[in-house]
Amino acid sequence: MIGTWRMAHEGLTAAMADLKQGGRSTDAIETAIQAVEDYPFFKSVGYGGLPNQQGLVEMDAAFMDGDTFAIGAVAGISDVKNPISVARQLSNDHFNSFLVGAGASQYAMFNGFERRNMLTERAHKLWAKRVKEINEKNLSPYDGHDTVGMISLDQQASMAAGTSTSGLFMKKPGRTGDSALSGSGFYVDSEIGGAAATGLGEDLMKGCLSYEIVRLMGTGLTPQQACDQAVYPFVEKLKKRYGKVGEFSLVALNAQGQWGVATNVEFTFSAGNEQQAPAIFMANPGPDQTTIIEPISAEWLAAYEKRIKAPVD
């Protein structure tokens, strides 16, 4: 398995333990992402996620089965404990498998998914603080847009992918990014591999990079080669033709259990396979459109835990 950001690690580790016991890839994706959605200190996913301009937590999530190409997705869903589970159930439906806004929330309610007020006291304090800063200092409202995206491979050679996010902090009501969009935020084909994205959705949507990485792996490239060849040239093209580019980070896993990453910012991720226990790594853009990957230090992890749990003034 591989997952975006430090926040993926605990859920991914538990899911990989199930995979080693013969568990299915589809179950691994759902349970691993649920763990991220349920943790209140991750500010960009699920419970504790930062709200939109009006103080409402609107969430996006998607699920894809690499064996069948079945996809389920929700965008702008609110007051639902685990959007990834709603997305997975929707993947069973041929029609109406991508629901948005009130329709997604109503579907979850009518189908017995657990309801929850996803706005924590901590997230509300951060929102109120940001509103004050915007009014007093004329700052840009937008800050933070980290998606958890994961790809898994099981002992039956089946693959799956999933994403979940509360989206851009202080976004306008109804805004959605790339996370729920097939080919952009995620894509998986069990015969080849899968990929998932995190970063500024408005820019990630300008290139179908998750699909492109899978396509390149299908030509025989390793996941790392595919990530490098898909991401860095497009970042340069977008910068040249659009004039600017936001944060881009993508992860990939192939059908042989090899993984790869490409990013234009400092980016953490969690990954493991049969030979390597799950671990957290740091990726940075390297020279000549390559990626530099290093293990995370204990000092970095300690500082991270302290930072995400720091009291809100």
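Computed from a predicted model, the values in this text were never measured in an experiment.

Visitor: Could you give an account of the pattern of salt bridges, with specific residues and numbers?
Guide: Counted by the stated rule, this structure contains 13 salt bridges. A salt bridge links Lys81 to Asp38, with the nearest nitrogen and oxygen atoms 3.2 Å apart. Here Lys81, found in the loop between β3 (71-77) and α3 (83-90), pairs with Asp38, found in helix α2 (residues 25-38); they are 43 residues apart in sequence, far enough to count as distant. Salt bridges sharing common partners tie together Arg6, Glu10, Glu305 and Lys309.

Visitor: Describe the environment of Lys206, with residues and values.
Guide: With respect to the helices, strands and loops of the structure, Lys206 is situated in the loop between α6 (201-204) and α7 (209-218). Classification of Lys206 by relative accessible area gives partly exposed; the value is 34%. C-alpha of Lys206 to C-alpha of Ser184: the two residues are 22 residues apart in sequence and 8.4 Å apart in space.

Visitor: Go over the packing of aromatic side chains, please, and point to the residues and values.
Guide: Taken as a whole and assessed by the stated rule, the structure comprises eleven aromatic pairs. Relative to Phe281, the ring of Trp259 lies with its centre 5.3 Å away and its plane at 45°, an arrangement referred to as tilted. With a gap of 22 residues between them, Trp259 in strand β10 (residues 259-263) and Phe281 in strand β12 (residues 279-285) connect regions that are remote in the sequence. For the pair Trp259 and Phe281, one class covers both residues: buried. Following the ring pairs from residue to residue traces out a cluster consisting of Trp5, Trp259, Phe267, Phe269 and Phe281.

Visitor: Break down helix α4 (residues 101-110) for me, citing the residues and quoting the values.
Guide: Regarding α4, the residues found buried are Ala104, Ser105, Tyr107 and Ala108. With its buried residues spanning 155° around the axis, α4 presents them on a single face. Turned more than 90 degrees off the buried face of α4, the exposed positions are Ala102 and Phe110. Check the buried side of α4 and you find it contacts β3, α3 and β4 (98-100).

Visitor: So what about the sheet that holds strand β1 (residues 2-4)? Which residues, and what values?
Guide: Judged by pairing direction, the sheet is mixed, and its nine strands sit side by side in the order β4-β3-β2-β6-β5-β1-β11-β12-β13 without closing on themselves. Of all the strands in the sheet, just β4 and β13 (291-295) have a single pairing partner and so form its edges. The mean inter-strand angle of the sheet, taken between neighbouring strand axes irrespective of direction, is 15°. Inspection of the sheet shows β1 paired to strand β5 (residues 148-153) by two bridges, in the antiparallel sense. Considered in β5, the bridge of Ile2 is made with Ile151.

Visitor: Give a description of the packing of helix α1 (residues 9-20) against α2 that names residues and reports values.
Guide: In the contact formed by α1 and α2, the axes pass within 8 Å of each other and the chain directions differ by 155°. Considering the angle they form, α1 stands roughly antiparallel to α2. Along this stretch, α1 crosses α2, giving a crossing that reads as right-handed. Each of Gly11, Leu12, Ala15 and Leu19 in α1 lies in contact with α2, whose residues at this interface are Ser25, Ala28, Thr31, Ala32 and Ala35. Residues of the contact of α1 with α2, tallied by class, amount to six nonpolar, three polar and no charged.

Parameters at a glance
Residues numbered from 1 in each chain as written. Predicted model: local features only at pLDDT ≥ 70, side-chain atom pairs only at ≥ 80, totals over all residues. Heavy atoms only, no water. Salt bridge = Lys/Arg side-chain N within 4 Å of Asp/Glu carboxyl O. Helix = DSSP H or I, 4+ residues; strand = E, 2+ residues; numbered from the N terminus. Buried < 20%, exposed > 50% of the residue type's maximum accessible area, 1.4 Å probe, protein only. Phe/Tyr/Trp six-rings, centres within 6.5 Å; stacked < 30°, edge-to-face > 60°. Arc of directions from axis to C-beta. Contact = heavy atoms within 4.5 Å. Pairing = 2+ DSSP bridges. Axes fitted to C-alpha atoms, helices over the stretch in contact; angles between N-to-C directions. Parallel < 35°, antiparallel > 145°, perpendicular 65-115°, else oblique. Left-handed = near helix turned anticlockwise from the far one by under 90°. Nonpolar A, V, L, I, M, F, W, Y, C, P; charged D, E, K, R; others polar.

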